[in-house]
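Tertiary structure, described
The residues making up each chain are set out below.
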Amino acid sequence: MTTNTTNTTNTTHLAHLTTNTTTSARINFAKAAPKAFRALVGFDIAAREGLDPALVELIQIRASHLNHCAYCLHMHTNDARKAGESEDRLHMVAVWREAPHFFTEKERAALALTEAVTLVADNGVPADVYAEAAARFDERELAQVLALIFAINTWNRVALTTAKMAGTDER
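Described in the following lines is the structure provided in the data block.

What counts, and at which threshold
- Residues numbered from 1 in each chain as written.
- Predicted model: local features only at pLDDT ≥ 70, side-chain atom pairs only at ≥ 80, totals over all residues.
- Heavy atoms only, no water.
- Helix = DSSP H or I, 4+ residues; strand = E, 2+ residues; numbered from the N terminus.
- Buried < 20%, exposed > 50% of the residue type's maximum accessible area, 1.4 Å probe, protein only.
- Areas by Shrake-Rupley, 256 points an atom, 1.4 Å probe, with all protein chains shown as cover.
- Axes fitted to C-alpha atoms, helices over the stretch in contact; angles between N-to-C directions.
- Parallel < 35°, antiparallel > 145°, perpendicular 65-115°, else oblique.
- Contact = heavy atoms within 4.5 Å.
- Nonpolar A, V, L, I, M, F, W, Y, C, P; charged D, E, K, R; others polar.
- Expected span 1.5 Å × (residues − 1).
- Core = buried A, V, L, I, M, F, W, Y, C linked by side-chain atoms within 4.5 Å.
- Left-handed = near helix turned anticlockwise from the far one by under 90°.

**A short note on the overall build of the chain**
When helices and strands are counted, the chain shows 10 helices and two strands. Of the regular secondary structure in the chain, the N- to C-terminal order runs α-β-β-α-α-α-α-α-α-α-α-α. For the chain, with 171 residues in total, the buried portion stands at 38%. Entry remark: accessible area of the chain is about 9,800 Å², with carbon and sulfur atoms responsible for 59%.

Here it is as structure tokens:
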């Protein structure tokens, strides 16, 4: 009797899932929680407001590296290329500290802050990293950078949890 109830529950639950090529069924977040998804899209749009598009992509690429999100990494490196970003800089984002001459002081401050916020559970956000970002951005810009870092970290978690496949930009 428990088996029938479990099977019925699983069947009902699976009706709300989509099957990925990874062979596991995962929820389609946009369809299952459209209000939450639209709110996240709105937050993302608001976070970008007033920021240099090249900086936006660098932040999103670095967070996606750190979170191991191939889906978002593929999407944002392509977006950066379309926006005119050089291959040299794209290749250096993951090792920006070893190649500082590829990035401006402002970009380096944003990349350091992106790392600290993305990996916040490891060491918090060190005071020197925050101070450097605060010195390079005015208060409004800094808030926008932080919002963008929060947004991309959320998108990375959505993509990873729902097993989005790199190369299948579903925007």
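**Observations concerning the packing of helix α5 (residues 70-82) against helix α10 (residues 139-161)**
Packed helices, taken two at a time, are described by the angle their axes make and the gap between the axes. Interaxial distance between α5 and α10 falls to 8 Å at its minimum, and their mutual angle equals 125°. Taken together, the axis directions place α5 and α10 in an arrangement best described as oblique. For the pair formed by α5 and α10, the contact residues are Y71, C72 and H76 on the first element and I152, W155, N156 and A159 on the second. Tallied by class, residues from the contact of α5 with α10 come to five nonpolar, two polar and no charged.

**A closer look at the environment of L146**
Residue placement: L146 occurs in helix α10. For L146, a relative accessible area of 17% gives the class buried. Along the sequence, L146 and V117 sit 29 residues apart, while their C-alpha atoms lie 8.2 Å from each other. Sequence-distant contacts of L146, that is, excluding residues within four places in its chain, are made with L113, V117 and Y130.

**Topic: unusual backbone geometry**
In most cases, non-glycine residues show a negative phi, while peptide bonds are predominantly trans. Although it is not a glycine, H68 sits at a positive phi angle of roughly 60°. Looking at where H68 falls in the secondary structure, it is placed in the loop between α4 (53-66) and α5. Taking relative accessible area as the criterion, H68 reaches 66% and is therefore assigned exposed. Phi at A163 is positive, roughly 55°, even though this residue is not glycine. Residue placement: A163 occurs in the segment after α10.

**Quick word on helix α3 (residues 34-48)**
Compared with an ideal rise of 1.5 Å per residue, which puts 15 residues at 21 Å, α3 spans 21 Å between its outermost C-alpha atoms and is within 8% of the ideal. Looking at the buried positions of α3, the neighbouring elements they touch are α4 and α10. Once α3 ends, the next one or two residues include G50, with phi positive near 85°.

**Structural notes on the nonpolar core**
Residues I59, L113, F137 and V145 are the most contacted members of the largest nonpolar core, which totals 28 residues. It is helix α7 (residues 105-118) that contributes the most residues to this core, seven residues altogether. If we skip the residues at most four places from it in the chain, I59 touches A110, T114, V145, L148, I149 and I152. Grouped together as the second largest cluster of nonpolar side chains are 10 residues, C69, C72, V158 and A159 included.

**Some remarks on the packing of α4 against α5**
As a packed pair, α4 and α5 sit with axes 9 Å apart at the nearest point and diverge in direction by 155°. With respect to each other, α4 and α5 are oriented roughly antiparallel. The chirality of how α4 crosses α5 is left-handed. On α5, the residues touching E57, Q60, I61, S64 and H65 of α4 are C72, L73, H76, T77, D79 and A80. Classifying every residue of the contact of α4 with α5 gives four nonpolar, five polar and two charged.

Coordinates in, geometry out; function isn't part of it.
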